Amino acid sequence: MVTIIERAPAKINLGLDVQGKRPDGYHELSMVMVSVDLCDYVTVDHLDEDKIDFSSNCSKMPVNQQNDAYKVAQLMKEKFQIKTGVSIFLEKRIPVCAGMGGGSSDAAATIRALNQLWQLRLSQEEMIEIGMQIGSDVPYCLFAGCAQVTGKGEVVNHIDGHLSSWVVLVKPEFGISTRTVFLDIDCETISRVPIDDLVCAIEAGDSAALFAKMGNSLEDISIAKRPFIQKIKDKMLESGADAALMTGSGPTVFALCKTEKQANRVVNSLRGFCKEVYKVRTL
Ligand code: C5P
């Protein structure tokens, strides 16, 4: 029996710029994403019986059609008329509803795994098309690494840079619904982020420019809903982080630190303040 294991890394947004509203109700985005070494794992196995057998180590995860990885299996099974079954085990390590793209990364890893298991030989474009039917962050997660992502999330361009940093991730106990954050956007007043400058800074390996240009258009909206996000940012900067920013629509905040010593200081300053603190590296 063939067992395929795919790693599903979390992502952070070094930049997220909302450029306007699209006719389809979504928003035109320009983002800089980078993967970090906090990962879920998706294991798929062939089953003779025609069914999807889905399980997870995480009791909070739905193990049915509400789960994006399950949705991928259903969609691909139907689209490619697969008459055998599959068992999928999702090992969750990335916090859920955190803005770290965990669900999208699981979905992307499932697309890659099923492409192998069912020997579909899908092109990048075909995988992106399947990913977009599941969620806007899935196309980026198919390739991971450091990338500029535009459109609704379907245009992914790899950035050739030298970004290697310690990252401290802090996930508050509450979650934030991405949909409600996007619903509160006022395109006239939203703060804008210079994504092109950010990309140049990464390509040039200019960390001072990178820290200066990082930003997230959604941050003010999420902080208005949950001021605790600002408190985490302040604590990170006070304890010596080079930069601190909310990722995605939140509520997770990350700090970038050039050295491990700095990262340890940030971790220690947040102990007792937040339960979920992770020290990781960019991938
Ligand atoms: O595509 P996904 O399910 O991840 O998006 C969640 C919500 O975020 C959407 O329902 C939409 O309201 C909002 N969104 C948006 N513009 C995007 C991506 C997401 O308005 N480019």
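Above this text you will find the structure in question.
In this text, all values refer to a predicted model and were calculated from it rather than measured experimentally. Position labels on residues start from 1 in each chain and follow its written sequence. It should be noted that, the model being predicted, local features are given only for residues of pLDDT at least 70 and side-chain atom pairs only at 80 or more, the latter also being counted only at that level, while totals for whole chains, interfaces and linings use all residues. Side-chain numbers come from the whole structure's heavy atoms, not from hydrogens or water.

A. View of the packing of helix α1 (residues 68-79) against helix α2 (residues 102-117). α2 packs onto α1 with a crossing angle of 35 degrees between their chain directions and a minimal axis gap of 8 Å. Here the hand of the crossing between α1 and α2 comes out right-handed. Residue-level contacts link D68, A69, V72, A73 and M76 of α1 to G103, D106, A107, T110, I111, L114 and N115 of α2. Under the convention adopted here, Pro, Cys and the residues Ala, Val, Leu, Ile, Met, Phe, Trp and Tyr are nonpolar, Asp, Glu, Lys and Arg are charged, and Gly plus all remaining residues are polar. Class assignment of the residues belonging to the contact of α1 with α2 gives a composition of seven nonpolar, three polar and two charged. The axes are straight lines fitted to the C-alpha atoms, using for helices just the contacting stretch, and the angles between their N-to-C directions are given from 0 to 180°. Here a strand is any run of E in DSSP of at least two residues, a helix any run of H or I of at least four, and the numbering for each starts at the N terminus. Put simply, a crossing is left-handed when the front helix is turned counterclockwise from the back one by less than a right angle, and right-handed when it is turned clockwise. Any pair of residues with heavy atoms lying within 4.5 Å of one another is described as a contacting pair.

B. Structural view of the sheet that holds strand β9 (residues 243-246). If DSSP finds at least two bridges between two strands, the strands pair. Taken together, the four strands give an open sheet; going across it, the order is β9-β10-β7-β11, and neighbouring strands pair in antiparallel fashion. Edge strands, defined here as strands with exactly one partner in the open sheet, are β9 and β11 (276-281). Along the sheet, successive strands turn relative to each other by an average axial angle of 20 degrees, direction set aside.

C. Spatial organisation of the site of the ligand. Y26, H27, L29, G135, S136, K152, T178, R179 and F182 make up every residue found near the ligand. Within the side chain of H27, an N or O atom sits 2.8 Å from an oxygen atom of the ligand. Contact distances for the ligand include 3.2 Å between a nitrogen atom and a backbone N or O atom of K152. Per-residue accessibility takes into account occlusion by the displayed protein chains alone, with areas from the Shrake-Rupley method and a 1.4 Å probe. Here the ligand has 450 Å² of accessible area as a free molecule, and 75% of this is covered by the chains. Of all the secondary structure elements, the ones that give two or more residues to the shell around the ligand are β2 (27-47) and α5 (178-183). Ranked by residue count, the leading element in the shell around the ligand is α5, at three residues. Taken together, the residues of the shell around the ligand sort by class into three nonpolar, four polar and two charged. To be near a molecule or strand, a residue needs just one of its heavy atoms within 4 Å of it. Any pair of nitrogen or oxygen atoms within 3.5 Å is treated as a polar contact; in protein, a donor-acceptor pairing is required on top of that, and neighbouring residues in sequence qualify only through side-chain atoms on both sides.

D. A look at the pattern of salt bridges. In the sections that follow, a salt bridge refers to a side-chain nitrogen of Lys or Arg positioned within 4 Å of a carboxyl oxygen of Asp or Glu. One pass over the full model with this rule turns up 18 salt bridges. Linking D137 and K11 is a salt bridge whose minimum nitrogen-to-oxygen distance equals 3.9 Å. Here the residue D137 occupies a position in the loop between α3 (124-134) and α4 (138-143), and K11 occupies one in strand β1 (residues 3-21), the gap between them amounting to 126 residues. Exposure is judged per residue with a 1.4 Å probe applied to protein chains only, and the accessible area is read against the type maximum: over 50% gives exposed, under 20% gives buried, and values in between give partly exposed. A relative accessible area of 3% places K11 in the buried class. Here K71 ties to D68 by a salt bridge, and the two come within 3.2 Å at their closest N and O atoms. In this pair, K71 and D68 are both assigned in helix α1, three residues apart and thus about one turn of the helix distant. Several salt bridges converge on common partners, so that one network encompasses R22, D24, E28 and K152.

E. Structural detail: the pairing of strand β3 (residues 52-56). Side chains of β3 alternate between two faces, with I52, F54 and S56 buried and D53 and S55 left unburied. As paired strands, β3 and strand β4 (residues 85-91) are joined by five bridges and run parallel to one another. In the strand pairing of β4, D53 is matched with S87. If the strands point away from the viewer and the path from the first strand over the helix to the second runs clockwise, then the crossover is right-handed. Handedness of the crossover is the feature at issue here: the chain leaves β3, passes through α1, returns alongside β4, and the resulting connection is left-handed.

F. Quick peek at the side chain of D106. Within the secondary structure layout, D106 lies in helix α2. On the basis of relative accessible area, D106 is assigned to the buried category, the value being 1%.

G. Region of interest: the pairing of β4. Among the seven residues that make up β4, five are buried, leaving the element largely enclosed by the rest of the structure. Two elements, β2 and β4, share seven bridges in a ladder whose sense is antiparallel. Among the inter-strand pairings, D45 is bridged to a residue of β4, identified as S87.

H. Just the environment of E91, in detail. Inspection of the secondary structure puts E91 in strand β4. Apart from residues no more than four positions distant in its own chain, E91 is found in contact with D40, Y41 and N57. Within the local environment of E91, its side chain forms a polar contact with the side chain of R93, the two groups lying 2.8 Å apart.

I. Highlighting unusual backbone geometry. Of note, the amide linkage connecting G250 to P251 takes the cis form, showing an omega dihedral of 5 degrees. A positive phi angle, close to 45 degrees, is found at Q119, a residue other than glycine. Along the chain, Q119 turns up in the loop between α2 and α3. Residues other than glycine seldom take positive phi values, yet A144 does so here, at roughly 55 degrees. By the secondary structure assignment, A144 is in the loop between α4 and β5 (146-151).

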